Amino acid sequence: MTDNSKFKLGLFIIIAVVVFFAGLMILGSFEQFKEKAYVTTLFSESVQGLSVGSSVKYMGVPVGTVRDISIYPNGSVIRIDMEIKLASFRGKTAAPDDVNSITVEEFQNRIAQAVDRGLRCRMELEGITGSKYIELNYDPEAPASAIDASQYAIDNPYVPSLPSLISDLRGSVTSILAKLESIDYKGISDRANDTLDTLNSRLSSPKFDETLDNANSMITSARKSIENLEKLTDADVRGQLENLTANAKVAIAAVESLAKTVEQEIKSAEFEQIADNVRAVLANAVRASRTLDETLFNVNNGVDALIELIQYIDSDPSSIIQGKKKRRIDIEDPGPAGGR
Amino acid sequence: MIKKLVDRLIHCGETIYQLKEETVSLIAFLGDMAAAIWECILHPKRLRWKDFLFYMNNCGPDGLPITIMINALMGVVLAYQAEVQSHKYGADNFLPMVIGCTILRELGPLMVAIVATGRNGSAFAAEIGTMKISEELDALRTMGIRPARFLVVPKMWAMLLMLPLLTVIGDCVGCAGGYLVLSSEIGMPLDVFLRLTRQGVAVKYFFEGILKSFVFAGIITTVGCWRGFRTGNDAIAVGRSTTSAVVISILFIVLADTFLAKMFTVFYGWQG
């Protein structure tokens, strides 16, 4: 074996080994040596389609795989352990150059806080093949799984689960079917049969035939009436309408001539002079009215004075002869009448 | 009519007998070879190191150009075919996974093994067959040297070491050929191709292909040497044994590949 061949062989081996390790690196074999954390959830429904190695996604981002699926002794709760790659989660700061992944403790704290904010696990279909993956997503509105996790010894951070969409769908379908089952189809059928029987008996009764005959005769009469009406319209009514129209025209012409005459009369009358006279008369009437008011006021005063005089005379008749007495001034007892 | 039927029956009987003889000889050869390999493991000095290095060079670096070319073209062809179909359905993102899985698990090891069969398996059969015709094997036995240890073990070790390395390089250039097509046809960037390959192709598929190549190396060497030892004494015997070495090797490789594919599927099922 020549030196050239030895060099060629050595070079080949070096290249092959380098390619081997490059392949391992590209395919992520060294991921095995990176730090991981574990998260656990519990399901109380079938996990058909989920298997060890199924993806785990955090809001759609692949962050790990399912590592173990086991059934608790009660037989109704299934435990899913998930392995999470911490390299998928950034460090404390959101700075672009801070690409250091978080530690296991930080991750556990984050998961605990996220669960408080509504982080839940849910099985989702991965494609059309029926395989499933676990989606970690925030859904605080959705009702949590009815599993009491405190009854089970879980050493990893626990994330509550939600029923899968298929489970929800199955529940809805079951509910719809239950409602459908509760419908009294036999009763409806019986009532429909009764109705049909009643209808049948009514249709086959002699009264129905009589009604039909009446209806037929009514239709015949109506048809005849329509025909008569058509005939009437064609001959007599047309002549009468023509006469009526001619008379109406004559009447309208008479009304028009009357209106013209009235208009001319109105135009010929001296409405302005009349109006001025009327206005002057009205002004005099207003003045006369005011004078009359004053006169009546004076008369009223005179009547008051006369009434007062009569009352005075009536109380003291001698005053007609003696005249009006002078009023005595009483200093000690002024009294309410003292002012008079 | 009856004579023809009898002749055919005789022919069938002869074929079955011949098949039985060949099977027995193959099992015997396997035993002889296993004993020789075990002897060399216990006493490494008895291994012919110069021959071992020669065959390493022969099986490895000398076969590298044709292996690279074949595997790169296989990657190109596979990517073209897959791209035409999957592009209709907008499934371009699955192409790196399809190419990676197919090449790492099946096509890479298979094509490297077929190339090695054509290059080395036939050469082993021709070499030993020629030695048999020239009675060198009888001479070795006369000198007390076991021909299996002298001739087969260096070839076997060389092939077992070189074929997996060739497969590693073949896998790499196959994926590179696929990437060239995806890059030119749909403009897929290299980092996207690598990321999608990494997402869709598990490391176990890489090791699956390498493990297969160990099995294929054993088949190629065993069948090549066995057909060489079974070479007749006439002038065309070497050519016949060479041809049969290639044909039987390829048949056994495909059968082994089928069996291994099933075995790995079951194993992955157990593993989850």
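A brief structural summary.

Criteria and thresholds
Residues numbered from 1 in each chain as written. Chains lettered and ligands numbered in written order. Predicted model: local features only at pLDDT ≥ 70, side-chain atom pairs only at ≥ 80, totals over all residues. Helix = DSSP H or I, 4+ residues; strand = E, 2+ residues; numbered from the N terminus. Buried ≥ 20, exposed ≤ 12 C-beta atoms within 10 Å, placed from the backbone. Contact = placed C-beta atoms within 7 Å. Expected span 1.5 Å × (residues − 1). Pairing = 2+ DSSP bridges. Axes fitted to C-alpha atoms, helices over the stretch in contact; angles between N-to-C directions. Nonpolar A, V, L, I, M, F, W, Y, C, P; charged D, E, K, R; others polar. Left-handed = near helix turned anticlockwise from the far one by under 90°. Arc of directions from axis to C-beta.

**Some points on the overall build of chain B**
Looking only at helices and strands, chain B features nine helices and zero strands. In chain B, the succession of helices and strands from N to C terminus is α-α-α-α-α-α-α-α-α. Split into buried and exposed, the 272 residues of chain B put 41% on the buried side.

**A short note on the overall build of chain A**
The secondary structure content of chain A amounts to eight helices and six strands. Reading chain A from its N end, one meets helices and strands in the order α-β-β-β-β-α-β-β-α-α-α-α-α-α. Residue pairs at least 24 apart in sequence account for 54% of intrachain contacts in chain A once pairs closer than 6 positions are excluded.

**Regarding helix 1 (residues 2–42) of chain B**
In an α-helix there are 3.6 residues to a turn, and that puts residues three or four apart on one side. The first and last C-alpha atoms of helix 1 of chain B sit 60 Å apart over 41 residues, in line with the 60 Å expected at 1.5 Å per residue. Counting buried positions along helix 1 of chain B gives two out of 41 residues, so the element sits mostly on the surface.

**Here we look at the sheet that holds strand 5 (residues 119–125) of chain A**
Residue and element names in this part refer to chain A. Strands sit in the order 1-4-3-2-6-5 across an open sheet of six strands; the sheet is mixed. At either margin of the open sheet sits one strand with a lone partner, and together these are strand 1 (36–43) and strand 5. Geometrically, the sheet is characterised by an average inter-axis angle of 30° between neighbouring strands, direction not taken into account. Pairing of strand 2 (residues 55–58) with strand 6 (residues 132–138), which is carried by three bridges, proceeds in the parallel orientation. Looking at the pairing, Val56 lines up with Ile134 of strand 6.

**So, the interface of chain B and chain A**
The partner chain A presents 19 residues to the 20 residues of chain B that form the contact. Listed by contribution, the elements that provide at least two residues to the side of chain B that touches chain A are helix 2 (49–59), helix 6 (147–186), helix 7 (190–200) and helix 8 (203–229) of chain B. Its residues assigned to classes, the side of chain B that touches chain A comprises 13 nonpolar, four polar and three charged.

**Remarks on the environment of Arg105(B)**
All names here are of chain B. Here Arg105 shows up in helix 4 (residues 95–133). Assessed through the 23 C-beta atoms surrounding it within 10 Å, Arg105 is described here as buried. Separated by 66 residues in sequence, Arg105 and Asp171 place their C-alpha atoms 9.1 Å apart. Here Arg105 is in contact with Tyr205, Glu208 and Gly209, once residues within four sequence places are set aside.

**Focus: the packing of helix 3 (residues 64–88) of chain B against helix 4 of chain B**
Residue and element names in this part refer to chain B. At a closest axis distance of 10 Å, the pairing of helix 3 and helix 4 adopts a crossing angle of 145°. Crossing hand, helix 3 versus helix 4: right-handed. Together, Ile66, Thr67, Ile70, Asn71, Met74, Gly75, Leu78, Ala79, Ala82, Glu83 and Ser86 of helix 3 and Leu95, Val98, Ile99, Thr102, Ile103, Leu107, Gly108, Met111, Val112 and Val115 of helix 4 make up the contact between the two elements. Here the residues of the contact of helix 3 with helix 4 sort into 14 nonpolar, six polar and one charged.

**Here we look at helix 7 of chain B**
Buried within helix 7 of chain B we find Phe193(B), Leu196(B) and Thr197(B). Mapping the buried residues of helix 7 of chain B onto a view down its axis gives an arc of 105°, with all of them on the same face. The secondary structure elements touched by the buried residues of helix 7 of chain B are helix 1 (3–26) of chain A together with helix 4 and helix 6 of chain B.

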